[in-house]
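Structure at a glance
In case you want the letters, here they are:
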Amino acid sequence: MAAGVATWLPFARAAAVGWLPLAQQPLPPAPGVKASRGDEVLVVNVSGRRFETWKNTLDRYPDTLLGSSEKEFFYDADSGEYFFDRDPDMFRHVLNFYRTGRLHCPRQECIQAFDEELAFYGLVPELVGDCCLEEYRDRKKENAERLAEDEEAEQSGDGPTLPAGSSLRQRLWRAFENPHTSTAALVFYYVTGFFIAVSVIANVVETIPCRSPSRRLSREQSCGDRFPTAFFCMDTACVLIFTGEYLLRLFAAPSRCRFLRSVMSLIDVVAILPYYIGLFVPKNDDVSGAFVTLRVFRVFRIFKFSRHSQGLRILGYTLKSCASELGFLLFSLTMAIIIFATVMFYAEKGTSKTNFTSIPAAFWYTIVTMTTLGYGDMVPSTIAGKIFGSICSLSGVLVIALPVPVIVSNFSRIYHQNQRADKRRAQQKVRLARIRLAKSGTTNAFLQYKQNGGLEDSSSGEGQALCVRNRSAFEQQHHHLLHCLEKTTCHEFTDELTFSEALGAVSLGGCTSRSTSVSSQAVGPGSLLSSCCPRRTKRRGIRLANSTASVSHGSMQELDTLAGLRRSPAPQSRSSLNAKPYDSLDLNCDSRDFVAAIISIPTPPANTPDESQPSSPGGGGSSGGRARSTLRNSSLGTHCLLPETVKISSL
Amino acid sequence: MGAVMGTFSSLQTKQRRPSKDIAWWYYQYQRDKIEDELEMTMVCHRPEGLEQLEAQTNFTKRELQVLYRGFKNECPSGAVNEETFKQIYAQFFPHGDASTYAHYLFNAFDTTQTGSVKFEDFVTALSILLRGTVHEKLRWTFNLYDINKDGYINKEEMMDIVKAIYDMMGKYTYPVLKEDTPRQHVDVFFQKMDKNKDGIVTLDEFLESCQEDDNIMRSLQLFQNVM
């Protein structure tokens, strides 16, 4: 209901007294009305700017934030005002809505910001007054279009990354659609473009008359006739390349039916079909006429350039979108042509030796005149004919000039849209790169922090304070959160490099790595749990997995003999790592000293799984103890390569 | 083809607004004319002072302030016309057609028959309806029913009023409105009110009959605390 209605309600209720004498039944009792205080002034503080208004004003619209009890959430009892931490300039419009009942849209503000404010205050965008409604809608639509374009650009897969498991088909299709993604695709793109150009030029040159060296002026041959084999070879080569390209695209297309129906594929087919038809048609005179006609279709190869040129595509799209205007142009032209041709024919009928032999013959004159070409091969000679001829040319100008600007403006709009899209895509890449940088920055911060030993207990914090970067409260809490997650899952955060290396090493198998003490299953949990402990390099987590997982049967045996452990079946090693991470989790997580572990040899130092000191509680069970002993034993005999910050405790 | 280029360049700059052709200029001219006329007719009424109104009515200063603020917000010109009345009532009674009743009501408010209800009229009527004596209220109601303001209510006037009230109900009622329901209602009314059965109800008859009816008396108290 409009604003005014609330104001008039008391009056309407009072006027109900007029029904009383007529009422045949007693009227219902009035609703319990709260003690009507005098109207009070509310103070609404929006980011420091104070707005004061009557409470009644705000109560006019009870289903908005300010009109309902929701505003009590923002009430500050100390200052006695309602505080909103929002834009005060926008609030002005919101408050004016309460006052006047019409929501106006600010011209100089971003429409998105305005929408957000409306959403916050519980106002529906439909409340925008008629005066501002059209502009509001226009701007919103424009915005929505732009955002949709952005999303489309993202989804259209211009991004550099493909899902890892993409098949050959998908890769091929992507190479065809976006030649910039790989060098091979780019090469293919340029090669096909070159051959299209060659084919078109050959078609053109074929028809040029070239002189034979014997200077026989009587016979002028076209080049095509003089060098038939050369041109035939060139044609064959081009058609072969085009056919190959078409078949490849057909193979790679995600939806073959749709590809077959698409315009570009039709153009491709039309470009190469005449050649094949020509091959199979016997060279007798009856059919050769038709065969010659088919050669005309070779010129359609020039449309293949639309894959290479965006402007051409835009033109085609414009024509498609202006289909109605073009249709109108065509229709009106046809009407005018018929009318004027008839008139001219009858005007010139009497003249002898006239060109206007029939109405269809007059069509040619009308078209040439209306399009202001004026070849002059047909001219009226009677006065009436000349008069009508001049009317014809004037009306021609008008009829043609009408739809053309529409087409032109459509083209310019689409062209600019495209340019904008391109620009935005280019900027998108930069933006994405920046976002990725920022993201990696935060992860790196955490990893760096760990590296610097920041996860130490606070008791040793003093000495660490110098090397640990100063962190804000936010960062501290964030890192704590990440740390908690690590503890929960018993995995660690590392960077891409380490991870990919680990993956690669895992796939290689354990042959190259003489693994460490953490090879055996029994040691598995220990190593893993030690991976949860502090004081490691950032490579540690994955290195651990690397070393443990890559243990082959053979190397395990080595270690077993070394460590004197009982053998455990090899396949278990990796899964068991994940199976029991929690057993000794508490065990070692607060240890400070650790033991250097044995490192595998050819691969760069796998890290040292940290083990608890001998003094750590034996609650973790025998596995911990065994791990310890293994470590000790193995560390005796093997070569130790240590990462930087690892401390070696006494063994 | 120069014409094409000309139109093209002009279109580029004015892509959104319609081109300013002859029709547009003509429309603008008409609109300006109308606006000039409106300006001459737009008058601003200002009510008498607050103290005077307080003396004349039964409202306190505060109540008058609240009333005037609402009134001024709705009608910045200071006067309500019949159209606005009808619109307001249409919003309150969307089911049916409230325009006839609003017309009668407007006439009841517009005591000076000027065609517009100023704030004083508005507040005076409200004062009677909400804070007046029983006598005053009944007299106001009589005035409402007396369409031609001749001091008597006859059957036709009553029929009009009753029909207008039933119009506000709209079509979808339960039980279904029959054709002669208003007539029956009027007959009942006249039976009660018309003491001397002469076909018209005078003010005294009206007052007497209403004061005899308990229902009416009780209901009159209902609207005490509307404000």
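Residues numbered from 1 in each chain as written. Chains lettered and ligands numbered in written order. Predicted model: local features only at pLDDT ≥ 70, side-chain atom pairs only at ≥ 80, totals over all residues. Heavy atoms only, no water.

Under the convention used in this document: UniProt positions are given in the numbering used here, feature names are shortened, and annotations may be inferred rather than shown by experiment.
As annotated in an unreviewed UniProt entry, chain B carries the name Potassium voltage-gated channel interacting protein 1 and is attributed to Chinchilla lanigera. Under Subcellular location (unreviewed entry), UniProt gives the following word-for-word description of chain B: "Cell membrane". Under the UniProt heading Sequence similarities (unreviewed entry), the note attached to chain B is "Belongs to the recoverin family."

Looking at an unreviewed UniProt entry, one finds chain A named A-type voltage-gated potassium channel KCND1 and attributed to Heterocephalus glaber. Taken from UniProt, the Catalytic activity (unreviewed entry) comment for chain A reads in full: "K(+)(in) = K(+)(out)". Per UniProt, chain A carries the Subunit (unreviewed entry) text "Component of heteromultimeric potassium channels. Identified in potassium channel complexes containing KCND1, KCND2, KCND3, KCNIP1, KCNIP2, KCNIP3, KCNIP4, DPP6 and DPP10."

A closer look at the overall build of chain B
Inclusion rule: Helix numbers and strand numbers start at the N terminus; a helix is a DSSP run of H or I with at least 4 residues, a strand a run of E with at least 2. Each residue gets one of three labels from its accessible area relative to the maximum for its type: buried under 20%, exposed over 50%, partly exposed in between, using a 1.4 Å probe on protein chains only. Whether two residues are in contact is decided by their heavy atoms, any of which lying within 4.5 Å being enough. Note on areas: Shrake-Rupley with a 1.4 Å probe; residue coverage comes only from the protein chains shown.
Of regular secondary structure, chain B possesses 12 helices and four strands. With 227 residues in all, chain B has 37% of them scored as buried. A sequence separation of at least 24 residues applies to 59% of the contacts in chain B between residues at least 6 apart. Carbon and sulfur atoms make up 55% of the accessible area of chain B, which totals about 13,500 Å².

Some remarks on the side chain of His-93 of chain A
Residues and elements named next belong to chain A. Note on placement: His-93 falls in helix H3 (residues 88-100). Residue classification places His-93 among the buried positions, given a relative accessible area of 13%. Apart from residues no more than four positions distant in its own chain, His-93 is found in contact with Leu-103, His-104, Pro-106 and Phe-114.

Brief notes about the UniProt feature "domain: EF-hand" (unreviewed entry) in chain B
All names here are of chain B. UniProt's entry tags residues 97-132, 133-168 and 181-216 with the feature "domain: EF-hand" (unreviewed entry), counted in the numbering of this structure. Summarising residues 133-168: 72% helix, 8% strand, and an end-to-end C-alpha distance of 28 Å. For the annotated span residues 181-216, helix accounts for 72% and strand for 8% of the residues, and the straight-line distance between the end C-alpha atoms is 21 Å.

Here's the deal with the interface of chain A and chain B
As a reminder of what qualifies: Buried area is understood as the total, over both parts, of accessible area removed when two parts are fitted together, assessed with a 1.4 Å probe. A side-chain nitrogen of Lys or Arg and a carboxyl oxygen of Asp or Glu constitute a salt bridge if their distance falls within 4 Å. Any pair of nitrogen or oxygen atoms within 3.5 Å is treated as a polar contact; in protein, a donor-acceptor pairing is required on top of that, and neighbouring residues in sequence qualify only through side-chain atoms on both sides. The classification used treats Ala, Val, Leu, Ile, Met, Phe, Trp, Tyr, Cys and Pro as nonpolar, Asp, Glu, Lys and Arg as charged, and all other residues, Gly among them, as polar.
Opposite the 42 residues of chain A that make contact, chain B presents 55 residues. For the pair chain A and chain B, the summed buried area comes to about 4,100 Å², and 71% of that belongs to carbon and sulfur atoms. The largest per-residue losses of area from chain A upon contact with chain B belong to Trp-8, Phe-11 and Leu-22 of chain A, which jointly make up 19% of the total buried on that side. Counting across the interface, chain A meets chain B through zero salt bridges. Across the chain A-chain B interface, the total number found is two residue pairs in polar contact (both at pLDDT 80 or more). When contributions to the side of chain A that touches chain B are tallied by element, the ones reaching two or more residues are helix H1 (3-15) and helix H17 (403-451) of chain A. By residue number, the principal contributor to the side of chain A that touches chain B is H1 of chain A, which donates 12 residues. Partitioning the side of chain A that touches chain B into residue classes produces 27 nonpolar, 10 polar and five charged.

With respect to the packing of aromatic side chains
Quick reminder of the rule: Geometry of aromatic contacts follows a simple scheme: Phe, Tyr and Trp rings, the Trp one being its six-membered ring, pair when their centres are within 6.5 Å, and the pair is stacked under 30 degrees between planes, edge-to-face over 60, tilted otherwise. A ring has a charge above it when a Lys NZ or an Arg CZ is no more than 6 Å from the ring centre and no more than 35 degrees off the ring normal.
Going through the model one piece at a time under the given rule, you end up with 47 aromatic pairs over all chains. Geometrically, the ring pair formed by Phe-345 of chain A and Tyr-346 of chain A is edge-to-face, given 5.1 Å between the ring centres and 70 degrees between the ring planes. Since its relative accessible area comes to 53%, Tyr-346 of chain A is described here as exposed. Aromatic pair Phe-85 of chain B and Phe-106 of chain B: ring centres 5.1 Å apart, planes at 80 degrees, arrangement edge-to-face. Of this pair, Phe-85 of chain B sits in helix H5 (residues 82-92) while Phe-106 of chain B sits in helix H6 (residues 99-109); the two residues are 21 residues apart in sequence, bridging distant segments of the chain. For Arg-86 of chain A, the ring lying beneath its charged end belongs to Phe-120 of chain A, and the centroid distance is 4.1 Å. Residue placement shows Lys-304 of chain A over the ring face of Phe-242 of chain A; its charged tip is 4.6 Å from the ring centre.

Some points on helix H14 (residues 323-347) of chain A
Residues and elements named next belong to chain A. Stated formally: By this rule the span expected of a helix is its residue count minus one, scaled by 1.5 Å.
For H14, spanning 25 residues, the distance from its first C-alpha to its last is 36 Å, which sits close to the expected 36 Å at 1.5 Å a residue. Along H14, the positions that sit buried rather than exposed are Leu-329, Ser-332, Leu-333, Ala-336, Ile-337, Phe-340, Ala-341, Met-344, Phe-345 and Ala-347. Each element contacted by the buried residues of H14 is listed here: helix H15 (359-370), helix H16 (383-401) and H17.

Looking at the pattern of salt bridges
Residue and element names in this part refer to chain A. One pass over the structure, following the stated rule, counts 22 salt bridges over all chains. For the salt bridge of Asp-268 with Lys-304, the shortest nitrogen-to-oxygen distance reads 2.7 Å. Taken as a pair, Asp-268 in helix H11 (residues 263-280) and Lys-304 in the loop between helix H12 (285-296) and helix H13 (310-321) lie far apart in primary sequence, 36 residues in all. Judged by its relative accessible area of 2%, Asp-268 falls in the buried class. Lys-304 sits in the buried class, given a relative accessible area of 2%. Here the salt bridges do not stand alone but share partners, grouping Glu-245, Arg-249, Asp-268, Lys-304 and Arg-307 into one network.

As for the side chain of Asp-194 of chain B
All names here are of chain B. The cut-off we apply is this: Asp and Glu are treated as the negative residues and Lys and Arg as the positive ones, with His and the ends of the chain left uncounted.
Relative to the assigned elements, Asp-194 resides in the loop between helix H10 (181-193) and strand E4 (200-202). At 6.1 Å, Lys-197 is the nearest oppositely charged side chain to Asp-194, a buried residue that forms no salt bridge. Reaching out from Asp-194, the side chain makes a polar contact with the backbone nitrogen of Gly-199 at a distance of 2.8 Å. Those residues within four positions of Asp-194 in sequence are excluded, and the remaining contacts are Gly-199, Ile-200, Val-201 and Glu-205.

Observations regarding the packing of H10 of chain B against helix H11 (residues 203-212) of chain B
Residue and element names in this part refer to chain B. For the record, the criterion: Convention adopted: a line fitted to C-alpha atoms gives each axis, helices being fitted over their contacting stretch, and angles between N-to-C directions are expressed from 0 to 180 degrees. Should an angle lie under 35 degrees it is considered roughly parallel, over 145 roughly antiparallel, and from 65 to 115 roughly perpendicular; all remaining angles are considered oblique.
Remark: H10 packs on H11, axes separated minimally by 9 Å, with the N-to-C direction vectors making an angle of 95 degrees. In this view, H10 runs roughly perpendicular relative to H11, as classed from their interaxial angle. Here Phe-189, Lys-192 and Met-193 of H10 come into contact with H11, specifically with Glu-205, Phe-206, Ser-209 and Cys-210. Looking at the contact of H10 with H11 residue by residue, the classes come out as four nonpolar, one polar and two charged.

A short note on the nonpolar core
Heads up, the rule is: Nonpolar core, defined: a set of buried Ala, Val, Leu, Ile, Met, Phe, Trp, Tyr and Cys residues in which side-chain atoms within 4.5 Å join the residues together. Each domain's extent is set by a domain assignment, obtained either automatically or from a database.
Ranked by internal contacts, the top residues of the largest apolar core, which has 63 residues, are Tyr-89, Leu-105, Phe-122 and Met-158 of chain B. Viewed by domain, this core spans two of them, domain 1 (56-132) and domain 2 (149-226) of chain B, each represented by three or more residues.

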